[in-house]
Amino acid sequence: MLSHISTSTDKSILIPFKKKILLVEDEVLFARAVVKRLQKAGFECEHAESLHDARSLVKQFEPDIVLLDMRLPDGNGIDLLPEFVTKNINTIVMTAYGDVTDAVNAIKLGAIDYLKKPIDLEELLLIIQKNEKTTDLQTSLDYSRQRDTLANESVQLIGESAAMQSVRQQITRIAQLSALSDAVQPTVLITGETGTGKDVVARYLHASCVNHDKPFVHVDCASFPAELIESELFGNEKGAFTNAVTSRPGLIESAEDGTLFLDEIGELPLGLQAKLLNVLERRMVRRLGSTKERPVHARIIAATNRDLYQMSNEGRFRSDLYYRLNVITMQMPPLRDRGQDVMLLANYFRQMTEKRYALPHHEFSPTALIAIQQYRWPGNVREMRHQISRAVLMCTQPVISEHDLGLPQVGHLPASPVSATSEAQLTLDGAEKAMLLSALEQARNNVSKAARILGITRMTMRYRMDKHGIAV
């Protein structure tokens, strides 16, 4: 389907001329939300749902920028890249989490950047502004700081469980240490399963410290090809290798006075681990092809979902680097062990998606609430964010059903907390009553707190309690 959409303007963002953006995306409701935000920013937009339609629109529309989904009904979006590069069209690829390899390959083929879904539209706008045909290093660094500032301002640690309270206490203590002096800050290692929010904790820690206005540089060690990661981390001098036509700083230098976050540190090649150890111990970095060392003044945070101790025993990770990283360790709990945080997070992601895409208010149906609580969430918080965001974007009704969530069947509902002899039945009324009683039990009969857990108002909570004859 081809669609042409008129534009409006957003006075808060100044664009020298109306740029044309082609969005290639097969999820129609999501595409409409993206187009709506781009229109507000003053862009002229077209939308294609397939490779075939995209090829037609490129000829007719002549876009300046293409936002390209990797997975399309008639093939892989990466097949379009050579055509776009030939036409000198800036292309930003969009990929679901887990398909980062495709995105890296797209960068090699000429894409200027990539984003992981679910897309943050404000970050997308910053990427577009960054890539307005400029190669000026200072502009690029200003963009990086602006993008990081946006991320740090919006980062929140959601949760009231004991495990999350412990994480907050550790962050507070580390922030206090950073405020005591200008001495080198201790290295922090964040561990935990994939998707538990290690990157969020790193950003929250950065935002809590005195240098929160300085750069936060996120390095995903797993996403860089082995042949590129050394130059990306350490930078290079002109002529250091083929195609090194200019000198440029690496990501370590870019974190000057701020925070360097080495995500998935367990994936760093052994050959680079010795160089990183030297940076940690001496706080000096040397670019490829250079004999000069430069000082590094940055807090270093690393994260991994691997057992680095076991890897070091097996010779797959340097033991000296492991002990150097393991100065302060923070363990992120899996979502299945966080109790009532599950519902707090589900409602937070629902509200954030509604706000980001200017959508009307939704509520979870009683059976959807049961499904959210009973599901084990093997992908943890990241999986929940993706599933909730998708459900909100795709749901056309005010109530999000269990079907909209796309989670496995929940089976039987839990017994009522009030009466062990009567088991709630899989009906709307039965499920709703069970959820009300469960929330009240978690909140120790505090009606306002129970309402917050369920993501409803206190008045609605009272109405539903009266409806089911629940008194506290």
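In this convention, every chain numbers its residues from 1, walking through the sequence in written order. Where local features are concerned, this predicted model is filtered to residues with pLDDT of at least 70; where side-chain atom pairs are given and counted, the filter is 80 or more; whole-chain, interface and lining totals use all residues. Side-chain measures here rest on the full set of heavy atoms in the structure, leaving out hydrogens and waters.

### Looking at the nonpolar core
- The biggest cluster of nonpolar side chains holds 41 residues, and the ones touching the most others in it are Phe 364, Ile 372, Met 384, Ile 388, Leu 405 and Met 461.
- In terms of residue count, helix H14 (residues 341–356) provides more of this core than any other element does, seven residues in total.
- Beyond its immediate stretch of four places on either side in the chain, Ile 372 contacts Val 342, Met 343, Ala 346, Phe 364, Trp 377, Met 384, Ile 388, Leu 405 and Leu 407.
- Core analysis: the second largest hydrophobic core is formed by 29 residues, Leu 233, Phe 234, Ala 298 and Tyr 322 among them. Buried Ala, Val, Leu, Ile, Met, Phe, Trp, Tyr and Cys residues form a nonpolar core when they are joined through side-chain atoms within 4.5 Å. Any residue under 20% of the maximum accessible area for its type is buried, any over 50% is exposed, and the rest in between are partly exposed; the area is computed with a 1.4 Å probe on protein chains only. A run of H or I in DSSP becomes a helix once it reaches four residues, and a run of E becomes a strand once it reaches two; helices and strands are each numbered from the N terminus. In what follows, residue pairs with any heavy atoms lying within 4.5 Å of each other are defined as contacts.

### So, helix H19 (residues 447–454)
- All buried positions along H19 are accounted for by Val 447, Ala 450, Ala 451, Ile 453 and Leu 454. End-on, the buried residues of H19 take up no more than an arc of 160°, which puts them together on one face.
- Two or three places before Ser 448, at the start of H19, stands the capping residue Asn 446, its side-chain oxygen 3.1 Å from that residue's backbone nitrogen.
- Count one or two residues on from H19 and you reach Gly 455, which has phi positive near 75°. The arc refers to the directions leading from the helix axis to the C-beta atoms. Nitrogen and oxygen atoms within 3.5 Å of one another constitute a polar contact, given that in protein one can donate a hydrogen and the other can accept it, and given that sequence-neighbouring residues count only through two side-chain atoms.

### A few points about unusual backbone geometry
- A positive phi angle, close to 70°, is found at Asp 257, a residue other than glycine.
- Looking at where Asp 257 falls in the secondary structure, it is placed in the loop between helix H10 (251–254) and strand E11 (259–263).
- Positive phi, normally seen in glycine, also occurs at Ala 358, with a value near 55°.
- Mapped onto the secondary structure, Ala 358 falls in the loop between H14 and strand E16 (363–364).
- Of the residues examined, Ala 358 reaches a relative accessible area of 51% and is grouped as exposed.

### Here's the deal with the UniProt feature "modified residue: 4-aspartylphosphate" (unreviewed entry) in the protein
- UniProt positions are given in the numbering used here, feature names are shortened, and annotations may be inferred rather than shown by experiment. UniProt records the feature "modified residue: 4-aspartylphosphate" (unreviewed entry) at Asp 69, using the numbering of this structure.
- Of note, Asp 69 is situated in strand E4 (residues 65–69).
- Among the residues examined, Asp 69 registers a relative accessible area of 5% and is labelled buried.
- Residue contacts for Asp 69: discarding those within four places in its chain leaves Val 24, Glu 25, Asp 26, Gly 77, Met 94 and Lys 117.

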